[in-house]
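Listed here are the chains, written in short residue letters.
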Amino acid sequence: MNPAAAAILEGMPDPGDLRRAERDGMTFICAGSALLACYPSGDAGMRNVAVAVLRQLGFGGRAVAAVMGLTENYVATLHNRALREGTAGLVRERGRPGKLAARDWEQAARWRAEGASDSEIARRLGVAQSTVFRRLGPAAVQEQLPAAGPEGEPGPEAGPAAPEQDGEPGPQAGEPGPGGPAGPGPGDEPAAPGPGPEASPAVPQPAPAPAGGLVPAGGRQPSPGAGLARVAGAVLPSRYAGAMLVHAYLDRIGAEAILAAALPSALARLRYDDLGLLTATSLAFALGASSAEGTKHLIPAQAGILAGIGRLPDPRTLRPRLAAIAEACDPLALQRQLAAAMLAADPPGLHAYYVDDHFVPYEGAKPVPKGWNTKRRHAQPGRAGTMVSDYHGRAVCFTDGEPSGLSATLPGVLAQLRQVLGEQAKILLGFDRGGSYPVAFRAIRDARAGWVTWRRAPLAPVTAAPRRYWAARGDGKPAEVLTLADETVQIKDYGQARQITLFEDGAPVQQVLTSDLAAPAAALLSWLRCRWRIENLFKYLEDNYGIHWLCDYRASLEDDAHLIANPERKAARARLREAEAALATAERELATLLTSPELPAAAKNKAIPAAEKKITMATEAVTAAKAALKKIPAKLPASQITPGAQKAILATRRRSLQMVLRLLAAAAEHWLGNRLNDYLRDPDEYRAITRHLLHLDGTITSTPRVITVTLDPPAAPRTARALGLLIEEINATPPRMPGDTRPITYQLAAHPRI
């Protein structure tokens, strides 16, 4: 109990004895002999105040609910209202709300025609969203109202809204919402173009996109997904201004054209700036939001300006819109385009790639197949994501599927990698012992790629003489001396492969198997040791980008065709063991009979035929049991063994789209970190410093021609100097954010804002 409650109840024999009494129309709340509240029994408002007071004095919600005759949930609601809104949140006004005048609904119709969502209109009018829907009707059948004044002048609602008194921008007229597009219906003729909210002279008119929906990154044409006016003519502070540095990487790889290819048809984009929405979501992941719901912890106005939109949408708007985009595109094809652009801008320099599985647990109620969770060290329902990283530790491609071994998922992810790199690209896949099976080796060979992995235990005999090799190290330290034996071995069900054995103190300790017959042995061992980079990538993406989030619990049920052990074969094996045991017993009895010295010869001759007959019958039983065992399959589909058994197939399109946006943000941070470390020279902390720089305070000045980002200098002088040099490098070729033609320039403020 807190000090306030202890002071009130000081000296009481039982301070926790909370009780309620009613007398003469009054309700009394007591604790021990202390009177805590007194109010008329019919006054619900005073009752709510008493509940909030009791909770703030330290009494538990369950005890208060029992005494007051309320549910625990309602007590918790009242407590939260009191903390959030004070007394005003405990006493609600009675009666129906006042009706709006006709001019208010006329204004609402204009807002709807300009692209405002029903939720935004309801917020401005102070009514429920359903009221707006009932009064204005479905958004898709509303008449497009002009937003321009006489003689083509912009109307009163055109252009970006004026800043509110608290310094944050007001709601944009086209903020994304859950409603449909405001315009002609699917069967109507297209309306003639007229002056609208984007006709303001302060905002440059976007040029039409080329056919096919792709916008060349170098052409600087606005994306077809830009359905809303971008912020212009504003000076806005943002505590996330450092994240604007990400646009240097997005512009470098041409992310605008890639993301624009994922957008749905033009009719669905009239109401949303989908390109800005995708960009803002990726930047939110870069700022540490682990999921779409996590964006609610960001300041909407200060996070939305990073992508050029007025406000970051509420999760109730963001999640359905991301889902609609995911269902209308192929997220894996989008990821392949992104990976190809990333590798084209910054080639890995080495043809070695690393692949490994990542388990994503599922906590829902659907019968999802189980997999092995390496973190908790037990099996549980979930999905397996297989990812490929390059030699520099960047995520290149991924696939999602049911939990299985790496040897089963390698062919699918290799096909993705081949589409990213091209048919003629040289590939050397490195993986751990989980994929070290002949079936995986054959699949990689069929895809015209190479492989290198560790040999599964036990180690094979070494026939080649060990030799010393000098392996160079990239950290400036002296070369490492290795003792290796290099030879060619035969692998069952695969063929010839190269085996490299590492010796320590004259004994073999590790063996490497590879299909590469030309690379130096020490180099192959070094490349395989670098496989830990994908483990570090998994850990970093989990800690900072939430790749272990499932994002979607939707699933479809189908018959479980997963092969499991056949119980009939288990029973047949038991019968075979019994028959073999009976045969062994009969043979021992005959041997005992023949070697027994005290048994007369006549008795032996009389007992031998019976013993031999018993052996013959046991032998026939063993033969019959073996024949029966051969006819019984070792495994059968689960639905055949257990009729009606089903499994759930999770829908992964939404998760895959979010994975693309997460990996885009991670790649941008990776590039920024490497560029910053060129000036910082801190190999131990440069990634952490880069993440902190994304949260630098600053000011974003948007004009019709240019966007200027003024960042507060970091506290550490060496970091400030390195950031200043990085800004000079970026300003040499000013980037542009996706869907916007204005260049972005960066500068450091002379003094940080207080």
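To keep things clear, this report deals only with the structure shown in the data block. As the structure is a prediction and not an experimental result, all values here were calculated from the model.

Rules used throughout
Residues numbered from 1 in each chain as written. Predicted model: local features only at pLDDT ≥ 70, side-chain atom pairs only at ≥ 80, totals over all residues. Heavy atoms only, no water. Helix = DSSP H or I, 4+ residues; strand = E, 2+ residues; numbered from the N terminus. Buried < 20%, exposed > 50% of the residue type's maximum accessible area, 1.4 Å probe, protein only. Contact = heavy atoms within 4.5 Å. 1 Å grid on protein atoms, 1.4 Å probe; cavity = no way out; pocket = protein on both sides within 12 Å on 5 of 7 lines; lining within 4 Å. Points joined across faces, edges and corners; volume = space filled by probe spheres on them. Nonpolar A, V, L, I, M, F, W, Y, C, P; charged D, E, K, R; others polar. Salt bridge = Lys/Arg side-chain N within 4 Å of Asp/Glu carboxyl O.

1. What to know about the overall build of the protein
Summing up its helical and strand segments, the protein has 23 helices and 21 strands in all. Relative to its 754 residues, the protein shows a buried fraction of 46%. Here the contacts in the protein between residues at least 6 apart in sequence split such that 66% fall between residues at least 24 apart.

2. Structural notes on the layout of surface pockets
The calculated volume of the second largest pocket comes to roughly 1100 Å³. Contributing to the lining of the second largest pocket are 42 residues, with His392, Gly393, Arg533, Asn536 and Tyr686 lying nearest its centre. Elements that contribute at least two residues to the lining of the second largest pocket include exactly α8 (246-253), α13 (331-345), β8 (395-401), β12 (480-491), α16 (521-529), α17 (532-545), α21 (653-680) and α22 (686-693). Among the elements that make up the lining of the second largest pocket, the one with the highest residue count is α21 (seven residues). The residue inventory of the lining of the second largest pocket, partitioned by class, reads 24 nonpolar, nine polar and nine charged.

3. Section: empty space enclosed by the protein
This structure, assessed with the given rule, holds three cavities of 30 Å³ or more. In this structure, the largest cavity occupies an estimated 50 Å³ of space. Every residue lining the largest cavity is listed: His358, Val360, Gly385, Thr386, Met387, Phe398, Thr399, Asp400, Phe538, Ile547, Arg655 and Met659. Only β5 (352-361), β7 (378-390), β8 and α21 provide two or more residues apiece to the lining of the largest cavity. Here the residues of the lining of the largest cavity sort into six nonpolar, four polar and two charged.

4. So, the pattern of salt bridges
Tallied over the entire structure, the rule returns 27 salt bridges. For Asp400, the salt bridge goes to Arg655, with nearest N and O atoms at 2.9 Å. One end of the pair, Asp400, is in strand β8; the other, Arg655, is in helix α21, and 255 residues separate them in sequence. For Arg655, a relative accessible area of 4% puts it in the buried group. Beyond isolated ion pairs, a larger network of salt bridges with shared partners links Asp356, Asp432, Arg531 and Glu535.

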